[in-house]
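# Coordinate analysis (summary)
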Amino acid sequence: MAARPEVVVIGAGPAGLATLKALADRGIDAVCLDAGDRPGGLWVLGGPGSGAYRTLHLNTSRTRTQFADFPMPADWPDYPSHDRILDYLTAYAEKFGLREAIRHRHVVTNVRRTDDGGWSVDADGPSDRVSTPARAVVVASGHNSVPRWPDPPLAGLTADQMHSHDYREPAQLAGRRVLVVGGGNSAMDIAADASNVAARTILSLRRGVWVVPKYLFGRPSDTLNGALATRLPWRLRQAVSQTMLRLATGHPTAHGLPAPRHGFLQDHPTLSDVLVSRVGHGEITVRGAVVGASGSTVEFADGSREEVDLVVWCTGYRPQIPFLDVEGDQVPLYRHVFHLDEPGLYFVGLMQSTGSALPIVESQARLVAAHLAGRYVLPSRERQRADRAARLRQAHRRWGDRRTAMRIDFDAYQKLAADELRRGTR
């Protein structure tokens, strides 16, 4: 490792590992600062900032999740468990010799410009505070480690409360009257876990969601959408996908779930093979939005009430980047990677994909490495800004105001990144 690396990579999760690999492929020296004691990021159960739990599995299929240059074993299940994914990331780091570049137990506290136009990254290490100078910085630390709690808090509630970020295993729910609030993947997983061990399970949905089974017509459901993506624009894919869902599972309202406010592909997909059956068996009771509480009684928008012992808030995360003192959805980026105002500052993984993150961060890492190696030339700053503005308008039409700047369509972005690399290469 060079005494002064060309690049500092922040984070050794999938985005950081993919970045180290891409930089190494281009012969660029890099060092990675990571808060944990092993590579894997959020997939390390109990690791710094991780919200992983023992029953966690992939919500995207193996073939649509794996890195292009490191396929997962073909005999693995379609939706591997969290420990298998951690083993996969560990094997990736070993295969490509990435571990020697990682400085574990280094918590980054500040990223700043230096007088020579480069960068310096400050971190609290295991024994001392360190500052690492470099030509460039790649932020690959993710945006799912700062829990988003209800604001304002639910006044008057005396029942125990926790965020899904602190959920680890079903034993935390056993024998209790559990209210799960939220409609994302973690909410569905935790509600399903609760329905097997809790005295009563209530799922509160503020708005309707499209619940997608992990298999449609005998195949992993995301492979069907991927096949459509190569042939149809997203609006047509939306119509076809909603028709397939209605034929295969019925409309959400047929199962006692609220009607979605948005069409399919206009929000992060919620995947669950068990939710509908557990609701149908009466093991999960669906309610609307929480509107108030008194003691252990929670009131919902339809006027119903439930006595609860524990509320699990599955209300997502704040996309905070504390060492830059900024929210992730406020960072001005070209192609979700290149900072428009700070040359030499790059981001890998600062996005919300309609599919898996791993192939996306792999593509982003290759763009960064090619640019730093002088093999990929960015357009003028004016063209970058104009392109970003146009894409923000398109994203707003599709996703509205919900973190518009971070939203990407998995298949469209993969094609865009590949085309961008070809066009910019010299």
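Small disclaimer: the values here were computed from a predicted structure and weren't measured.

## As for the overall build of the chain
- A count of helical and extended segments in the chain gives 10 helices and 28 strands.
- Relative to the globule expectation of 22 Å for 426 residues, the C-alpha radius of gyration of the chain, 22 Å, shows essentially globular dimensions.
- Dimensions of the chain, computed from C-alpha atoms along their principal axes, come out at roughly 65 × 55 × 45 Å.
- Looking at the chain as a whole, 54% of its 426 residues are labelled buried.
- Put simply, 66% of the contacts in the chain that link residues at least 6 apart link residues at least 24 apart.
- Working note: accessible area of the chain is about 18500 Å², and carbon and sulfur atoms make up 49% of it.
- Here the chain carries 52 positive and 45 negative side-chain charges, and the mean point of each set is 7 Å from the other.

## Looking at helix α3 (residues 82-95)
- Between the first and last C-alpha of α3 there are 20 Å, a value that for 14 residues agrees with the 20 Å anticipated at 1.5 Å per step.
- Taken together, the buried positions of α3 are His82, Ile85, Leu86, Tyr88, Leu89, Thr90, Tyr92 and Ala93.
- Turning to α3, the residues buried within the fold contact α1 (14-25) and α8 (358-372).
- Gly97, located one to two residues past α3, shows a positive phi value of around 65°.

## Section: the packing of aromatic side chains
- One pass over the full model with this rule turns up 11 aromatic pairs.
- Across from the ring centre of Phe96, 4.6 Å away, lies the NZ or CZ of Lys21, which sits over that ring.
- Sitting over the face of the ring of Tyr79, Lys214 holds its NZ or CZ atom 4.9 Å from the ring centroid.

## Quick word on helix α4 (residues 185-197)
- For α4, which comprises 13 residues, the first-to-last C-alpha distance of 19 Å matches the rise-based estimate of 18 Å (1.5 Å per residue) to within 8%.
- Summarising burial for α4: 10 of the 13 residues are buried, a large majority.
- Taken together, the buried positions of α4 are Asn185, Ala187, Met188, Asp189, Ile190, Ala191, Ala192, Asp193, Ala194 and Ser195.
- Against β10 (177-181), β11 (200-204), β12 (211-212), β15 (270-271), α7 (275-280) and β20 (310-313) lie the buried residues of α4.

## Thoughts on the sheet that holds strand β4 (residues 107-113)
- Read from one edge of the open sheet, three strands run β4-β5-β6, paired in antiparallel fashion. The open sheet terminates on both sides in strands that have one partner only, identified here as β4 and β6 (129-134). With strand direction ignored, the average angle separating the axes of adjacent strands in the sheet is 20°.
- Here β4 pairs with strand β5 (residues 119-124) via six bridges, running antiparallel. Note that in β5 the partner of Arg113 across the bridge is Trp119.

## Description of the pairing of β11
- Of all five residues in β11, four are buried; the element is thus mostly enclosed.
- Relative to β11, β10 is paired through five bridges, and the arrangement is parallel. Directly across from Val181, in β11, lies its bridge partner Ser204.
- Running through α4, the crossover from β10 to the neighbouring parallel element β11 is right-handed.
- The sheet contact formed by β11 and strand β16 (residues 285-287) spans three bridges and is parallel. Each residue of the ladder has a partner; that of Ile202, found in β16, is Thr285.

## Some words on the packing of α8 against helix α10 (residues 410-424)
- Where α8 meets α10, the closest approach of the two axes is 10 Å, and the angle between their N-to-C directions is 20°. One finds that α8 runs roughly parallel with respect to α10. Handedness of the α8/α10 crossing: left-handed. Only Phe410, Tyr413, Gln414, Ala417, Glu420 and Leu421 of α10 make contact with α8, whose side of the interface consists of Pro359, Ile360, Ser363, Gln364, Arg366, Leu367 and Ala370.
- For the contact of α8 with α10, the per-class residue count stands at eight nonpolar, three polar and two charged.

Thresholds, definitions, all that
- Residues numbered from 1 in each chain as written.
- Predicted model: local features only at pLDDT ≥ 70, side-chain atom pairs only at ≥ 80, totals over all residues.
- Heavy atoms only, no water.
- Helix = DSSP H or I, 4+ residues; strand = E, 2+ residues; numbered from the N terminus.
- Rg over C-alpha atoms; globule rule 2.2 N^0.38 Å.
- Buried < 20%, exposed > 50% of the residue type's maximum accessible area, 1.4 Å probe, protein only.
- Contact = heavy atoms within 4.5 Å.
- Areas by Shrake-Rupley, 256 points an atom, 1.4 Å probe, with all protein chains shown as cover.
- Lys, Arg positive; Asp, Glu negative; His and termini not counted.
- Charge placed at Lys NZ, Arg CZ, Asp CG, Glu CD.
- Expected span 1.5 Å × (residues − 1).
- Phe/Tyr/Trp six-rings, centres within 6.5 Å; stacked < 30°, edge-to-face > 60°.
- Lys NZ or Arg CZ within 6 Å of the ring centre and 35° of its normal.
- Pairing = 2+ DSSP bridges.
- Axes fitted to C-alpha atoms, helices over the stretch in contact; angles between N-to-C directions.
- Right-handed = clockwise from strand over helix to strand, strands pointing away.
- Parallel < 35°, antiparallel > 145°, perpendicular 65-115°, else oblique.
- Left-handed = near helix turned anticlockwise from the far one by under 90°.
- Nonpolar A, V, L, I, M, F, W, Y, C, P; charged D, E, K, R; others polar.

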